[in-house]
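# Architecture and fold: a report
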Amino acid sequence: MTEGLKQESMTSRIKVLSEETINQIAAGEVIENPASVVKELVENSLDAKAQHISVEVLSGGFQLIRISDDGIGMSQDDAVLSLERHATSKVRKIEDLLSIYSMGFRGEALASIAAISKLTLITCEKETSNHQGVKVVCEGGKIRSVGVFSRQAGTTLEVASLFYTVPARKKFQKSPPQALAEIHKTMLFLALARPDVGFILKSHDDILLEASSGCLEKRIQEVLGQDYFKSVIPIFYEESWIKIEGFIGKPSMARSNKSGQYLFINHRAVVSSGVSFAVSDGYSTMLEARKHPIFVLHLTLNPELLDVNVHPQKKEVRFKDESSMKIAIRKAVNLALQGGEKQSSPVKSSFFEELAPISIGNLFADFEEKKSSKEKTLCSFKAKVPIKEVSVQQDLLPLASLTLPKIDDLEIIGIHGSYLLIEGSLAHKIFQLPSVKAPYEGLLIVDLKACQSRIYFDKAVTRVQESVEMQALLFPITVHVNSAEAYLFEAALPLIYHLGIQMRLFGENTFIIEACIQGLKEEKLKQLLYECLDEMRLGEISEIERKKRLAIKIARNIGMGKVRYNLAESKVILSELLKTEHPYFCPAGKKTIGYMSVEQYDRFFN
Ligand code: ADP
Ligand code: MG
């Protein structure tokens, strides 16, 4: 190829993109939809220390998004600069960058939004006298005019005709009502992230969300409603490296999806499947199978302990030390569900003090220092309402401690297989079923096998002092394993014994089972032990956790072999059940007592 040709092909194929195109491409990354504009701009207002933020939208934000704040504002020079790519007041040097990325400062939101809309910026710096502010008008990323404009201290950004320079992307947008719903959801998260700031969201003069500054308790009532608030109890837990606070749902309020979960780390909304999982885990067996607890949870920790995610829209965070996080959260949830007696009290925190101004230069120094700074009540919820009072719920109480059950007073209709049928009308004196209002005008159906699972679990795990009773097998069962498995079994023999299976080493890689708790099907024992091996292989769990998991596995098998129960037996089971910690759920989370209302019979016959 001659010099000339080479030159020609290069100039014709490779072009340096214009600043305009670069910004439009960047916008694709940062600005997914009108809700992402709202998120970026409201976050800017929060960074500017605004106390009140108003958001107005027309046509789901496609026509107009107007955001006004009473923050620190910008000077004329800064206002013009702020619209340039990589213009930011928040990152000064490369060291800031990594940690800052995780908080979403990249200095490209304004430039990106400006590139794909008609943007007007009106701002007035706090220090300026006479409300002498500035107005910058920008179209498709090009500044059209800069002029003087009178305004109170703060900033207003108007974003009109969003996506007008990128029609191809506009086509893939949702409808205005759907876009509005997304904006609403975004605002909900922002409002829950910062209860100390007042927010209002309007669409065509309709107020969709309004919240005045206050504590988290009040904010939840304002934006999630009274029903949500009545379904939660407070949680507070602190270790040297993490603070966990907020509200978690009562077990009976768990949902079939994660829609009621609101998680914030250092006051930014995030998603963490690890945290969700750990919260559920903290409920232990109080949750029904496949249910997800609701919560509004604020975690405060040094951002260096998080894995930095450089994608601006991705909210999934990871902890560098996931297992410590999980242990802390489980403990926090456990304590909260127990009624919080062991929580440090009085519960105070420097929560909202910490978050106020984020001074970037010494962000972490700040973090450390403020942790120990003078304490300020997070919110009156702790002080006003003693934790015990809020969290004493019927569905959490060990019933036996309240009333001595008079099982004989129950009107038992009969036994069908392993189900005991009880007339509902008087039963509320003895049972307090979660999420069913008494009196029960219908039929209670008791799953006796599930009850036995719960009773076993309680004896084996919760009330360790009461060991489970075993009976000798008529014909001991031999179990052969490989040498790695033999090693695991041998180490776990005391644990297995405690859980109700007596086994001993019998030659190389061979064990024999000599006795087990009543109710386990002998033919299934071998299989059950192999299943237990899987749990023993799990390295990263605590001993008590391992014990629980094994107990759940064993509990599932209880009553398997049994076909018929008699009345006397059933009564003993019921009274034992009422002594357990969570009588209404089996360890696997299934109901122990079901309820069928008269309306349900009616529907059945129609
Ligand atoms: P970033 O937030 O990542 O710094 P942006 O493009 O979102 O980048 O904003 C650029 C800069 O504009 C910010 O660093 C800040 O100095 C200024 N700015 C943006 N919005 C506001 C506002 N509402 N009040 C005061 N300053 C603002
Ligand atoms: Mg920003």
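A short tour of the structure in this document, coming up. Here the structure is a predicted model, which is why all the values come from computation and not from measurement. (Residues numbered from 1 in each chain as written. Chains lettered and ligands numbered in written order. Predicted model: local features only at pLDDT ≥ 70, side-chain atom pairs only at ≥ 80, totals over all residues. Heavy atoms only, no water.)

## A word on the site of ligand 1
Heads up, the condition is: Being near a molecule or strand, for a residue, comes down to having at least one heavy atom within 4 Å of it. Polar contacts here mean pairs of N or O atoms no more than 3.5 Å apart (in protein, one a potential hydrogen donor and the other a potential acceptor; neighbouring residues in sequence count only if both atoms are side-chain atoms). To be clear on the numbers: accessible area is Shrake-Rupley with a 1.4 Å probe, and residue cover counts the displayed protein chains and nothing else. Numbering of helices and strands starts at the N terminus; helices are DSSP runs of H or I of at least 4 residues and strands are runs of E of at least 2. Gly falls in the polar group here, along with every residue not listed as nonpolar (Ala, Val, Leu, Ile, Met, Phe, Trp, Tyr, Cys, Pro) or charged (Asp, Glu, Lys, Arg).
Not every one of the 18 residues close to ligand 1 is listed here, only the nearest: Asn44, Thr88, Ser89, Lys90 and Gly107. One nitrogen or oxygen atom from the main chain of Leu110 is found 2.9 Å from an oxygen atom belonging to ligand 1. Thr155 is positioned with one of its side-chain polar atoms (N or O) 3.2 Å from a nitrogen atom of ligand 1. Its free accessible area being 540 Å², ligand 1 has 93% of it covered by the protein chains. Those elements that place two or more of their residues in the shell around ligand 1 are α3 (34–47) and α6 (109–115). Residue composition of the shell around ligand 1, by class: six nonpolar, eight polar and four charged.

## Points about unusual backbone geometry
Negative phi values dominate among residues other than glycine, just as trans dominates among peptide bonds. Under the convention used in this document: Three exposure classes are used, based on accessible area relative to the maximum for each residue type with a 1.4 Å probe and protein chains only: buried under 20%, partly exposed in between, and exposed over 50%.
For the peptide bond that leads from Ala438 to Pro439, omega is -5°, which places it in the cis range. Looking at where Pro439 falls in the secondary structure, it is placed in the loop between β17 (419–423) and β18 (442–447). The backbone phi angle of His131 is positive, close to 50°, even though this residue is not glycine. You can see His131 is positioned in the loop between β3 (118–124) and β4 (132–139). Assessed through its relative accessible area of 38%, His131 is described here as partly exposed.

## Quick word on the sheet that holds β17
Operational definition: Only strands that DSSP links by at least two bridges are regarded as paired with each other. To get an axis, fit a line to the C-alpha atoms, keeping to the stretch in contact for a helix; angles then go from 0 to 180 degrees between the N-to-C directions.
Spatially, the four strands line up as an open sheet ordered β16-β17-β18-β22, and their pairing is antiparallel. Across the chains shown, the open sheet's two edge strands, defined by having one partner strand only, are β16 (412–416) and β22 (593–597). When the angles between neighbouring strand axes are averaged without regard to direction, this sheet yields 20°. Taken together, the four bridges between β16 and β17 define a ladder with antiparallel strand orientation.

## Examining the nonpolar core
How we decide: Among buried residues, the Ala, Val, Leu, Ile, Met, Phe, Trp, Tyr and Cys ones that are joined through side-chain atoms within 4.5 Å form a nonpolar core. Any two residues whose heavy atoms approach within 4.5 Å are treated as being in contact.
Membership of the largest hydrophobic core comes to 60 residues, with the highest contact counts inside it found for Val42, Met187 and Phe199. The greatest single-element share of this core, amounting to 10 residues, is contributed by helix α8 (residues 176–193). Apart from residues lying up to four places away in sequence, Val42 is in contact with Ile53, Val55, Ile67, Met187, Leu190 and Phe199. Within the second largest apolar cluster, 34 residues are counted, among which are Phe457, Ile477, Phe511 and Ile554.

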